[in-house]
Amino acid sequence: MTQISLTFPDGNARQFDAGITAAEVAASISTSLGKKAVSANLDGAHWDLAWPIENDAAIAINTMADTAPGLELIRHDLAHIMARAVQELWPDVKVTIGPVRDYGWFYDFDRAEPFTPEDLGAIETKMKQIIAAKDPVRTEIWDRERAIAHYKAKDEPFKIELIDRIPGDEPLRMYWHGDWQDLCRGPHLQNTGQVPADGFKLMNVAGAYWLGDSTRPMLQRIYGVAFKSRDDLKAHLTMLEEAALRDHRKLGREMNLFHMQEEAPGQVFWHPNGWTIYTTLQDYMRRKQRAAGYVEVNTPQVVDRKLWVQSGHWDNYQEHMFIVEVDEEHAREKSINALKPMNCPCHVQIFNQGLKSYRDLPLRMAEFGSCSRYEPSGALHGIMRVRGFTQDDAHIFCREDQIESECAGFIEFLSSVYKDLGFEEFEIMFATRPEKRVGTEESWDKMEAALESAIRKTGHEFTLEPGEGAFYAPKLDFKLTDAIGRVWQCGTFQVDPNLPERLGATYIGEDSQRHRPYMLHRACLGSFERFIGILIENWAGKLPFWLAPRQVVVASIVSDVDGYTNEVVAALKAAGIRAEADTRNEKINYKVREHSLGKVPVILALGAREVEERSVSMRRLGDKHSRTLSLEQVIADLSAEAKAPDQR
RNA sequence: GCCCCAAUAGCUCAGUCGGUAGAGCAACUGUUUCGUAAAUAGUAGGUCGGCGGUUCGAAUCCGUCUUGGGGCACCA
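Residues numbered from 1 in each chain as written. Chains lettered and ligands numbered in written order. Predicted model: local features only at pLDDT ≥ 70, side-chain atom pairs only at ≥ 80, totals over all residues. Heavy atoms only, no water.

1. Topic: the overall build of chain A
Heads up, the rule is: Secondary structure elements follow DSSP: runs of H or I of four or more residues count as helices, runs of E of two or more count as strands, with numbering from the N terminus. Relative accessibility thresholds used throughout: buried, under 20% of the residue-type maximum; exposed, over 50%; partly exposed, between the two (1.4 Å probe, protein chains only). Here a residue-residue contact requires only that any non-hydrogen atoms of the pair lie within 4.5 Å. Exposure was quantified through the Shrake-Rupley algorithm and a 1.4 Å probe, taking into account, for residues, occlusion by the shown protein chains and nothing else. The charged-residue count follows a simple rule in which Lys and Arg add positive charge and Asp and Glu add negative charge, with His and chain termini not counted at all. Lysine's charge is taken at NZ, arginine's at CZ, aspartate's at CG and glutamate's at CD.
Regarding its fold elements, chain A presents 20 helices and 35 strands. Taken over the C-alpha atoms alone, chain A extends approximately 90 × 75 × 60 Å along its principal axes. The burial tally for chain A puts 50% of its 648 residues in the buried class. When contacts within chain A are restricted to residue pairs at least 6 apart in sequence, long-range pairs at least 24 apart make up 68% of them. Surface summary for chain A: the accessible area is close to 31,200 Å², and the carbon and sulfur share equals 48%. The average position of the 78 basic charges and that of the 97 acidic charges among the side chains of chain A differ by 3 Å.

Laid out in structure tokens, this is it:
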């Protein structure tokens with residue numbers, strides 16, 4: 001018998017007979033570990049307790065107390081238990097794939113009739129029966145022909161296609177519990193009873209293309225969430241409820257920020273409150289960009305097809321463009337135009353006006369560019385994914401040797417903006433050369449090295465995305481993390497030697513010859529619409545004072561003090577604060593409640609006492625109590641707070 | 001674009017078997033002047049998303065379009 005050496009996490013190694021299972025290893029350490037073990041990590045791979053170990057390896061035994069492997073096993077086994085439940089209820093349903101995902105799993109089924117909410121209830125009940133049965137799990141390794149014959153007999157065409165897609169040298173693991181069987185690479189728990197029967201919930205049904213391919217059949221996907229305990233599940237469901245409470249579509253209505261209507265799908269009607277956020281944010285960005293050496297421009301909305309043909313958008317992006325045909329007077333043919341989906345071609349037109357010298361570079365050209373894109377109807381979502389939006393766009397025209405410093409400068413700029421707006425954390429995704437690309441290897445080497453060096457010099461880490469760059473150059477994407485841990489891709493930095501070439505941009509170098517500039521596309525917020533949606537959800541509507549559309553409500557307690565109320569409002573407005581009076585004939589409780597629900601950050605309540613003292617009673621949003629302060633003090637405090645972060 | 005679900009008063013929602021459209025909040029008008037998260041009475045408010053069909057009769061059943069939602073695909 002061959003001996004193998006297994007190294008444990010404490011560094012000790014022990015000899016075992018080859019072919020020993022992880023379960024036997026666990027039991028050899030202690031009886032209790034043998035009982036508690038659920039899986040192993042073998043050289044970093046997640047390993048089923050029942051699988052034999054044939055070679056030397058580093059091993060660690062997992063129990064349910066190990067969160068990541070424990071949840072992985074629970075969710076994975078639930079996917080199979082659900083598939084079994086579905087086939088026991090409806091034997092003609094075809095099974096496909098069912099992976100683990102965040103918080104749970106899904107499984108895709110092929111079935112003629114849609115699953116209803118009642119069906120989900122029936123499936124859950126059946127799943128609980130399967131769990132209660134504690135059916136032992138076993139896996140067998142089959143050869144390809146046997147597996148295919150098996151699935152042909154069972155009429156499971158999707159499984160046969162999966163087998164065809166598995167590389168020839170990989171073992172086919174057939175996984176069983178009870179009489180039910182699935183193709184699966186594992187690992188699994190030892191019996192179905194190890195899954196917590198009250199720790200999961202089926203959430204919803206959605207369509208999903210087979211293999212994610214829109215030309216393949218649409219399957220029905222059932223999503224479930226699962227945790228180790230009922231309490232963890234409840235906590236998750238509560239978290240979902242809280243996330244729903246900060247939905248920007250709900251808050252946008254409640255705070256009277258904007259609305260959308262069916263005559264203009266995917267476009268925002270900004271109300272005064274919402275537009276105040278928008279312009280405050282835009283003013284802030286304008287100051288930041290000026291300070292960072294950008295010039296601001298503005299370019300046309302409706303642009304002739306000729307330019308889009310030249311830029312390449314007509315061939316590559318036409319399905320996303322709003323095309324406008326115009327019967328021009330005196331013209332023989334209609335003129336065909338498109339609403340601009342991007343600003344870059346127009347910016348090159350400005351660059352191309354007059355000769356540019358190398359002394360003009362880098363030229364940082366910014367536009368709050370209003371763009372229109374015909375997004376697919378199913379992609380639209382509140383103000384986050386729209387058809388009409390404004391980018392905080394800029395293009396930096398520069399020489400190759402300036403890419404690195406411009407990139408570093410942009411990363412500093414972006415991190416300062418994100419910090420000012422309340423996002424401390426962001427991640428950089430570095431997308432490198434794809435397989436299909438243009439340009440020399442030397443040029444790719446230089447561009448990638450410039451970006452990598454810029455990231456390192458600014459002291460950041462990055463996540464590499466090999467092959468994800470554009471066909472002409474690498475790019476960076478910036479993902480920020482919001483208050484409840486969600487990740488949003490907002491910023492981008494993309495090198496582009498292609499468009500200056502297509503649109504004939506040149507500058508005169510020191511050698512008095514014409515040279516081709518590089519163009520660096522960059523955005524920080526992405527679009528104002530989407531970013532404001534993110535801000536609303538991040539702050540749950542309770543925006544920081546400087547961004548809050550309604551900053552102060554001054555509320556009379558009795559109508560006798562209305563004169564003083566109006567005086568206080570006037571003084572606040574004179575100090576640059578967005579203040580309004582509430583002199584309605586309502587109780588102060590009513591006013592406090594209404595303005596608190598409206599997310600107004602400061603309420604100043606005024607009664608006879610305040611008039612006499614020339615003071616105000618200030619209540620901050622979310623506070624239980626108020627404080628009495630002098631009017632001068634409050635104006636000084638609030639006007640300081642009303643300043644944007646860059647002006648403090 | 002694709003699958004499923006939905007659309008009733010400004011908002012949130014009820015409306016049974018196909019038989020004259022309802023509530024709470026908001027709004028408006030009185031009364032009330034009140035000290036930090038809902039005073040009180042009354043009034044008004046609707047082409048039940050649009051169009052077509054079935055029916056003696058449609059918010060309700062069927063078709064279709066539009067929009068929204070959950071996903072998928074998309075996001076050079």
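Back to the write-up after that little detour.
2. Topic: the sheet that holds strand S30 (residues 518-527)
The cut-off we apply is this: Strands pair, by our definition, only if DSSP identifies at least two bridges between them.
Spatially, S18-S22-S23-S30-S27-S26-S24-S25 is the arrangement adopted by the 8 strands of the open sheet, whose pairing is mixed. Both edges of this open sheet fall to strand S18 (295-296) and strand S25 (463-465), since each of them pairs with a single strand only. The pairing of strand S27 (residues 487-496) with S30 spans 5 bridges and is antiparallel. The residue of S30 that forms the bridge with Thr492 is Ala523.

3. So, the nonpolar core
We apply this condition: To define a nonpolar core, start from buried Ala, Val, Leu, Ile, Met, Phe, Trp, Tyr and Cys residues and group those joined through side-chain atoms within 4.5 Å.
Leu281, Tyr418, Leu421, Leu476, Phe478 and Phe531 are the most contacted members of the largest nonpolar core, which has 67 residues in total. Contact partners of Leu476, with chain neighbours within four places excluded, come to Cys407, Ile411, Ile428, Met429, Phe430, Leu451, Ile455, Gly491, Thr492 and Phe493. Within the second largest apolar cluster, 29 residues are counted, among which are Val38, Ile74, Val95 and Phe115.

4. Things to note about the sheet that holds strand S20 (residues 323-326)
Quick reminder of the rule: Where helices are involved, their axes are fitted lines through C-alpha atoms of the stretch in contact, as for all axes, and angles between N-to-C directions lie from 0 to 180°.
Spatially, the 3 strands line up as an open sheet ordered S19-S21-S20, and their pairing is antiparallel. Each end of this open sheet is capped by a strand with a single partner; those strands are strand S19 (302-304) and S20. Taking the axes of each pair of neighbouring strands and ignoring which way they run, one obtains an average angle of 40° across the sheet. Bridging between S20 and strand S21 (residues 335-339) involves 4 bridges; their strand directions are antiparallel. Looking across to S21, one finds that Ile323 is bridged to Ala338.

5. A word on the protein's contact with RNA strand B
Under the convention used in this document: Being near a molecule or strand, for a residue, comes down to having at least one heavy atom within 4 Å of it. Think of a polar contact as two N or O atoms within 3.5 Å of one another; within protein, one of them needs to be a possible hydrogen donor and the other a possible acceptor, and neighboring residues in sequence only count if both atoms come from side chains.
Every one of the 51 residues lining RNA strand B counts as a neighbour, but His313, Ser377, Asn585, Glu610 and Ser617 are closest to it. Counted by atom, the contact set of RNA strand B within 4 Å of the protein is 52% sugar and phosphate. Side-chain polar atom of Tyr223 to a sugar or linking oxygen of RNA strand B: 3.0 Å apart, as the coordinates give it. Between Ala608 and RNA strand B, the recorded distance is 3.1 Å, taken from a backbone N or O atom to a base oxygen.

6. Some remarks on the packing of helix H9 (residues 272-291) against helix H13 (residues 403-420)
Applicable threshold: Here is the rule for angles: anything less than 35 degrees is roughly parallel, anything more than 145 is roughly antiparallel, 65 through 115 is roughly perpendicular, and the remaining ranges are oblique. By definition, any crossing whose near helix is turned counterclockwise from its far helix by less than a right angle is left-handed, and any crossing with a clockwise turn is right-handed. For this classification, Asp, Glu, Lys and Arg are treated as charged, while Ala, Val, Leu, Ile, Met, Phe, Trp, Tyr, Cys and Pro are nonpolar and the rest, including Gly, are polar.
Contact geometry for H9 and H13: axes closest at 11 Å, N-to-C directions at 150°. Put simply, H9 runs roughly antiparallel to H13. The element H9 and its partner H13 pack so that their crossing is right-handed. Contact residues: H9 offers Tyr284, Met285, Lys288 and Gln289, while H13 offers Phe413, Ser416, Val417 and Asp420. Grouping the amino acids of the contact of H9 with H13 by side-chain chemistry returns 4 nonpolar, 2 polar and 2 charged.

7. Section: a nonpolar patch on the surface
In plain terms, the rule: Patch building starts from residues that exceed 30% relative accessible area and form no salt bridge, then joins like charges within 9 Å and nonpolar side chains (Val, Leu, Ile, Met, Phe, Trp, Tyr) within 5 Å. We count a salt bridge whenever a side-chain nitrogen from Lys or Arg sits within 4 Å of a carboxyl oxygen from Asp or Glu.
On the surface, a cluster of nonpolar side chains totalling about 250 Å² of accessible area is made up of Tyr103, Met239 and Leu240. Counting through the fold element by element, Met239 comes out in helix H7 (residues 230-245). What makes Met239 partly exposed here is its relative accessible area of 31%.

8. Digging into the confidence of the model for chain A
It should be kept in mind that the predicted coordinates are not to be read in detail where pLDDT is low. Under the convention used in this document: Confidence of the prediction at every residue is given by pLDDT, a number between 0 and 100.
Confidence in the prediction for chain A averages 94 pLDDT; 100% of positions are at 70 or higher. With a pTM of 0.92, the predicted complex shows an ipTM of 0.93.

9. Focus: the packing of aromatic side chains
Any pair of aromatic rings gets described here by the distance separating the centres and the angle formed by the planes. So the rule is basically this: Only Phe, Tyr and Trp rings take part, Trp by its six-membered ring, and two of them pair if their centres are within 6.5 Å. Stacked means planes under 30 degrees apart, edge-to-face means over 60, and tilted covers everything else. Counted as over-ring charges are cases with an Arg CZ or a Lys NZ within 6 Å of the ring centre that also lie within 35 degrees of the ring normal.
In this structure the tally under the stated criterion is 28 aromatic pairs. Between Phe368 and Phe528, the ring centres sit 5.5 Å apart and the planes meet at 70°, which makes this aromatic pair edge-to-face. Highlighted residues: Phe368 in strand S22 (residues 363-372) and Phe528 in helix H16 (residues 528-538), separated in sequence by 160 residues. The same class applies to Phe368 as to Phe528, namely buried. Between Phe410 and Phe413, the aromatic rings sit 6.4 Å apart at their centres with planes inclined by 25°, giving stacked as the arrangement. With Phe410 and Phe413 both in helix H13 and 3 residues apart, this pair spans about one turn of that helix. Since its relative accessible area comes to 8%, Phe413 is described here as buried. Through a chain of ring-to-ring contacts, the aromatic side chains of Tyr294, Phe410, Phe413, Tyr418, Phe423, Phe426, Phe478, Phe493 and Phe531 assemble into a single cluster. Across from the ring centre of Phe227, 5.1 Å away, lies the NZ or CZ of Arg75, which sits over that ring. The lysine or arginine in question, Lys356, covers the ring of Phe351, its NZ or CZ lying 5.4 Å from the ring centre.

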